[in-house]
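A structural walkthrough
So you can see what is in the structure, the chains are spelled out below.
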Amino acid sequence: MEKLLRIYLTVLILFIYLPIFSLTVFSFNSGGLTFPFKELSLEWYVKLLQSPKLMEAVYRSLKLALVTMILTTVLSFMTAYALRERFRGRLFIFYLFILGIVIPGITYGLGTALFYQTLGIKKSLWAALPVHVIWTLPFGILIMLAGFDPKIQTYEAAAKTLGGNNWAIFREILLPLLFPTILGTALFAFTLSYNESERGIFLLGTDNTIPAEILAQLSARATPELYALGTLSTVFSILLLGLTGWLVLRKS
Amino acid sequence: MAQSEVIVQNLTKKYDSVTAVDNISFTVEKGSFCVLLGPSGCGKTTVLKIIAGLLEPTEGAIFIHGEDVREVPTYRRNISMVFQDFALFPHKTVEENVEFGLRMRKMGEAERKRKVQAILEVVGISELRKRYPAQLSGGQQQRVALARSLVVEPAVLLLDEPLGSLDYRLQKQLEVEIKRLHRELKMTFIYVSHDLSQAFAMADQIILMNRGRIEQMGKPEEIYYRPRSVFVAGFLGDVNLIPVQVKGFDRNRIILDAGVGDVYAPQQEENPSPGEEVFLAVHAESISLEREAEVCENRLEGMLLEEIFQGSQIIYTLQLKNKQEIKVLKQSNSGRVPGRIGSPVPIGWKLEDSILLLAPHSKRRVKDGI
């Protein structure tokens, strides 16, 4: 039985990671996407850096992810802070925020595009910002809520009775105690936004982000530069998510 | 006439359908030690939090130092609070914790350092000032919590079961220290506790609460010797509660039927009517046994069930013919009753030791005390 489980686990891991592995391997193959493997080279990475279309898309994605990250972090802190209190409609509001996770992305993106059209809002990189924030916010709120330990409320109460006003309590108690959670939220929001495609794709117009650009190029043909880019993005995302996990879980 | 430091006026707190605090009023004199006492869930902590401004009352008013604080936020009320689980800031050292309130008051650094040093010496932990809370024992953490609240010199110090999580010996030791601090600092203390002996040891004034209402308030001796309800008598623990029925009156006495014979209580300003069912409360230490019992006005016979030697005192449990148990407390050096478990023993107490409880809130013997 145990042996069977081991085999199952091995197959499962291979199934998840083999595609990424093959992508990585072929990104270093001078023969490109053809088998057999010719020789190791950084050719495609150089090509990638020389491709203005791809590099511009990377730059746009980073910009959008950065702004999304800041907005999401601030908003999820504020939401989680408020959701700790008992008030009428608390659960309703909570679920309303969390809805962003369950709505199919493509539907949401399309709906927003139509909505923009009605309002006469032009497609651009920043037109995708609200959609990105709505996508990342529920995750941010959930991480923040997990970080708001009930003990923190007692610390806040203690600080109040010692003469601390709200700003002092934020600065001296909440910020230092929640710092790992806040940073974790920020990094997770960044990663989610950087990788987001389906929600934003109808809103970007000609300002392709990197996932959008990859989709556009893939519909013509898969080039090895994309493999190089895929490898870089994967490594970058894993690093960020690893850091997030470490920051959030370190306390417990 | 002493000045009133805290006035609580018609205070009510409701949560949805539950009334946690039900229209209570009391006054705490300046410089006094007031204990809010009662079983868990009686609303005592709610009252404390409302005084602190951490909870909003549904109705009623709070005055601190003559000022109506309804619209005053916690950080501008001249109070500080010691929490049950200490609530020390885990990311700050002992010194930084204690300094916090002074920094909030924008005090200069030199004066701050001096005050922190002084208060740490008062509570006896100056050598721990660079440590973090996680590196301290429970007793040390409690001292830091006290120092942190005392250093800001509040008009009123609120303490929410501050010894609840410590072991018994440390509790007793810190009780004495808190009492000494109160005497030396001349501050007003409002202390929440469910522990009767703690309240007796420390309080100038006890406010005994039950189910959101005040059952009785007064000095510890008043509460102990003149309980005014079945709940209070039950809460005291060492008081026997005997259900009786009023039979009639003679001279200065009320004649009561205890089911196993007649007993007597002094007549009241407002006597119960014949036939009424009431309770008789008798302190365990007021009851005499054997030969001493024979000279008392109240005499019954019990069977000795149990004898527990406790060092300075002995606790006897006796049973009346109707299965009602009677607890008797005797100094162990006053001569022991021969240990004849199962044999009949005369029981007696003086007329003035009979406390008649006219309007019991419930007929059951209240056990949800300590």
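Residues numbered from 1 in each chain as written. Chains lettered and ligands numbered in written order. Predicted model: local features only at pLDDT ≥ 70, side-chain atom pairs only at ≥ 80, totals over all residues. Heavy atoms only, no water.

Let us look at the domain arrangement of chain A. Size of an interface, as often reported, equals the accessible area lost when the parts are brought together. Residue and element names in this part refer to chain A. Segmenting chain A into domains produces domain 1 (1-41) and domain 2 (47-251). Spacing between the C-alpha centres of domain 1 and domain 2 amounts to 30 Å. With seven residues of domain 1 in contact, the opposing surface of domain 2 contributes seven residues. Around 630 Å² of area is buried between domain 1 and domain 2 when both sides are counted, 83% of it from carbon and sulfur atoms. (Domains from an automatic or database assignment. Contact = heavy atoms within 4.5 Å. Buried area = accessible area lost by both parts, 1.4 Å probe.)

Right, let's talk about the pairing of strand S9 (residues 205-210) of chain B for a bit. Side-chain direction in a regular strand flips from residue to residue, so the side chains alternate between the two faces of the sheet. Residues and elements named next belong to chain B. With six of six residues buried, S9 lies mostly within the body of the structure. What you see with S9 is no split at all: Gln205, Ile207 and Met209 on one side and Ile206, Leu208 and Asn210 on the other are buried throughout. Relative to S9, strand S3 (residues 33-37) runs parallel, the two being bridged by four bridges. Bridge pairing links Val35 to Ile206 in S9. Summarising the sheet, S9 and strand S10 (residues 213-218) pair through five bridges and their orientation is antiparallel. The partner of Leu208 across the bridge, within S10, is Gln216. Counting the residues between successive antiparallel strands, the hairpin from S9 to S10 contains two residues, one of them, Arg211, with a positive phi of roughly 50°. (Buried < 20%, exposed > 50% of the residue type's maximum accessible area, 1.4 Å probe, protein only. Helix = DSSP H or I, 4+ residues; strand = E, 2+ residues; numbered from the N terminus. Pairing = 2+ DSSP bridges.)

Once that is clear, we can look at the packing of helix H3 (residues 52-83) of chain A against helix H8 (residues 166-195) of chain A. All names here are of chain A. As a packed pair, H3 and H8 sit with axes 8 Å apart at the nearest point and diverge in direction by 140°. Taken together, the axes of H3 and H8 lie oblique to each other. Crossing hand, H3 versus H8: right-handed. Taken together, the residues of the contact of H3 with H8 sort by class into 16 nonpolar, seven polar and no charged. (Axes fitted to C-alpha atoms, helices over the stretch in contact; angles between N-to-C directions. Parallel < 35°, antiparallel > 145°, perpendicular 65-115°, else oblique. Left-handed = near helix turned anticlockwise from the far one by under 90°. Nonpolar A, V, L, I, M, F, W, Y, C, P; charged D, E, K, R; others polar.)

Residues and elements named next belong to chain A. Interhelical geometry of helix H6 (residues 129-147) versus H8 gives an angle of 155° and a closest axis separation of 9 Å. With respect to each other, H6 and H8 are oriented roughly antiparallel. Seen along the crossing, H6 lies across H8 with a hand that is right-handed. Along the contact surface, H6 presents His132, Trp135, Thr136, Phe139, Gly140, Ile143, Met144 and Gly147, while H8 presents Leu178, Thr181, Ile182, Thr185, Phe188, Ala189, Leu192 and Ser193. Broken down by class, the residue content of the contact of H6 with H8 amounts to nine nonpolar, seven polar and no charged.

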